[in-house]
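# Topology and contacts: notes
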Amino acid sequence: MNQFTKMKLRLKRVFNGGFKSHHLYEGPYYGGKASYSYYVDNDNMRVFDGPFHLRLSTLNRYAKEVQSMARGSFIDGLKNGSWCYFYKSDRRRMKLNVEYVKGLIDGKLHFETFDSDNIKNVPKRTSLTFFVHHRRLVGEINGFLHGFRFHGLLDEDGRPHNLWSCNVFDEFNGEWRVVEEWYHGRQVKAERQMVTYGRNERVDSNMYHQLNELIDDINNVMLPIMQHGSLGGLANIPAV
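Here is what the cut-offs are and how they apply
- Residues numbered from 1 in each chain as written.
- Predicted model: local features only at pLDDT ≥ 70, side-chain atom pairs only at ≥ 80, totals over all residues.
- Heavy atoms only, no water.
- 1 Å grid on protein atoms, 1.4 Å probe; cavity = no way out; pocket = protein on both sides within 12 Å on 5 of 7 lines; lining within 4 Å.
- Points joined across faces, edges and corners; volume = space filled by probe spheres on them.
- Helix = DSSP H or I, 4+ residues; strand = E, 2+ residues; numbered from the N terminus.
- Nonpolar A, V, L, I, M, F, W, Y, C, P; charged D, E, K, R; others polar.
- Pairing = 2+ DSSP bridges.
- Polar contact = N/O pair within 3.5 Å; in protein donor to acceptor, adjacent residues only side chain to side chain.
- Core = buried A, V, L, I, M, F, W, Y, C linked by side-chain atoms within 4.5 Å.
- Buried < 20%, exposed > 50% of the residue type's maximum accessible area, 1.4 Å probe, protein only.
- Contact = heavy atoms within 4.5 Å.
- Phe/Tyr/Trp six-rings, centres within 6.5 Å; stacked < 30°, edge-to-face > 60°.
- Lys NZ or Arg CZ within 6 Å of the ring centre and 35° of its normal.
- pLDDT = per-residue confidence, 0-100.
- Salt bridge = Lys/Arg side-chain N within 4 Å of Asp/Glu carboxyl O.

With that settled, consider the layout of surface pockets. Remark: the empty space left among the atoms is shown by a probe the size of a water molecule rolled over them. Looking at the second largest pocket, its volume works out to about 230 Å³. Along its surface, the second largest pocket is lined by 13 residues, and Val 168, Trp 176, Val 178, Asn 206 and Gln 210 are the ones closest to its centre. Put simply, the parts of the chain that give the lining of the second largest pocket at least two residues each are β12 (162-170), β13 (174-183) and α2 (207-222). Tallied by class, the residues present in the lining of the second largest pocket amount to eight nonpolar, three polar and two charged.

The subject of this paragraph is the pairing of strand β7 (residues 92-101). Where a strand is regular, its side chains alternate between the two sheet faces. Pairing between strand β6 (residues 81-88) and β7: eight bridges, direction antiparallel. Looking at β7, one finds that Tyr 87 is bridged to Met 94. Connecting β6 to the next strand, β7, in antiparallel fashion are three residues.

Checked against the element boundaries, His 22 lands in the loop between α1 (3-15) and β1 (23-29). Separated by 26 residues in sequence, His 22 and Phe 48 have C-alpha atoms that sit 9.5 Å apart. Side chain to side chain, His 22 and Asp 49 meet in a polar contact 2.8 Å long.

This part takes up the nonpolar core. In terms of nonpolar packing, the biggest core is built from 49 residues, with Phe 52, Tyr 85, Leu 109, Leu 211 and Met 226 touching the most fellow members. With seven residues, the single largest contributor to this core is α2. Residue contacts for Tyr 85: discarding those within four places in its chain leaves Met 69, Ala 70, Lys 79, Met 94, Lys 95, Leu 96, Val 98, Tyr 100, Met 222, Leu 223, Ile 225 and Met 226.

Let us now look at the packing of aromatic side chains. Taken as a whole and judged by the stated rule, the model has 18 aromatic pairs. On the numbers, 5.8 Å between centres and 20 degrees between planes, the contact of Tyr 36 with Phe 52 is stacked. Here Tyr 36, found in strand β2 (residues 32-40), pairs with Phe 52, found in strand β3 (residues 46-59); they are 16 residues apart in sequence, far enough to count as distant. Take Tyr 36 and Phe 52: they sit in the same class, and that class is buried. Here Trp 83 and Tyr 100 contribute two aromatic rings whose centre-to-centre distance is 6.4 Å and whose plane-to-plane angle is 75 degrees, an arrangement assigned as edge-to-face. A residue pair is termed long-range when its members are at least 10 positions apart, and Trp 83 in strand β6 and Tyr 100 in strand β7 qualify at 17 residues. Residues Trp 83 and Tyr 100 agree in their burial class; the two are buried. Here the aromatic residues Tyr 25, Tyr 29, Tyr 30, Tyr 36, Tyr 38, Phe 48, Phe 52, Phe 74, Trp 83, Tyr 85 and Tyr 100 are joined through ring pairs into a cluster of three or more. Stacked on the ring of Tyr 38, the Lys or Arg Arg 46 has its end atom at 4.2 Å from the ring centre. Geometry around Trp 176 places Arg 192 over its ring, the cationic atom sitting 5.0 Å from the centre.

Of the pairings in the sheet, the one linking strand β10 (residues 136-145) to strand β11 (residues 148-154) comprises seven bridges and is antiparallel in character. Bridge assignment links Phe 144 to a residue of β11, and that residue is Arg 149. The turn joining β10 and β11, which pair antiparallel and follow one another in sequence, is formed by two residues; a positive phi near 50 degrees is taken by His 146. Bridge analysis of β11 against β12 gives two bridges, and the strand direction is antiparallel. Bridge pairing in β12 links His 151 to Ser 165.

To continue, consider the confidence of the model for the chain. Residue-level pLDDT values for the chain average 87, and 89% of them are 70 or greater. Confidence scores differ between elements of the chain, with α1 showing the lowest mean pLDDT of 49 and strand β5 (residues 78-79) the highest of 98.

Attention shifts here to unusual backbone geometry. Within the chain, Lys 102 stands out as a residue other than glycine whose phi angle is a positive 50 degrees. By the element assignment, Lys 102 lies in the loop between β7 and β8 (104-116).

With that settled, the discussion passes to the side chain of Ser 230. By secondary structure assignment, the location of Ser 230 is in the segment after α2. Looking at Ser 230, its side chain comes within polar contact range of the main-chain oxygen of Gly 232, at 3.3 Å.

Note on pairing: side chains with opposite charge can pair once their charged atoms come close. Tallied over the entire structure, the rule returns six salt bridges. In this structure, Arg 92 engages Asp 115 in a salt bridge whose closest nitrogen and oxygen atoms are separated by 2.5 Å. Note that Arg 92 is positioned in strand β7 and Asp 115 in strand β8, a separation of 23 residues in sequence. Overall, Arg 92 belongs to the partly exposed group, its relative accessible area being 21%. The salt bridge partner of Arg 199 is Glu 201, with a shortest N-O separation of 2.9 Å. Judged by relative accessible area, Glu 201 falls into the partly exposed class, the value being 21%. Bridged by salt links that share partners, the residues Arg 92, Asp 115 and Asp 217 form one connected network.

Next comes the structure, spelled out in structure tokens:
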């Protein structure tokens, strides 16, 4: 049973007996292929309503193939519920799972990316879980940041708060740890704890900058795969 047949069965369960007359489409869509459910409004315009699936294959500026995908559901033209985005190029692979509520990103968000190291050609993994309230990241952040274990906390306004930490290992310094202390967006201190040598060093804060770079990737690479039906991307993490 293919994806389109499964969609038909789902639509029979969801829409039979409803007030809107729904139609199914499967075919070309902005350079890719899509299958989706829609109804026609009073202005004779299609309104996405129900499951949606899009696949794209393009060439980047280096003539390398880039594959992308978006899958989720709409309610009255707005994204709603769980959406999955996927992006793959010759140097990078990214996956985003995100929750929408009537077009707004709201709920659990999980982002993964594998970047190939240009020197050693070893993929560096980022895998982070966030919680979002009306497009703003809040609460705990856990996972791996560029290959290393990371933990952080954001207050109810999305500002860095309390202790942030990242455990690091390299061949020259061995094991070490970056620790930042925040108070509602204001940095209290940032230091590198050299486990191997038994000393601490002051450093510049950069972990929230790295997270904002990931947010830029989500906003500028992942979400535009299927922009329609969204009321905006993620807000950046502010700090004083």
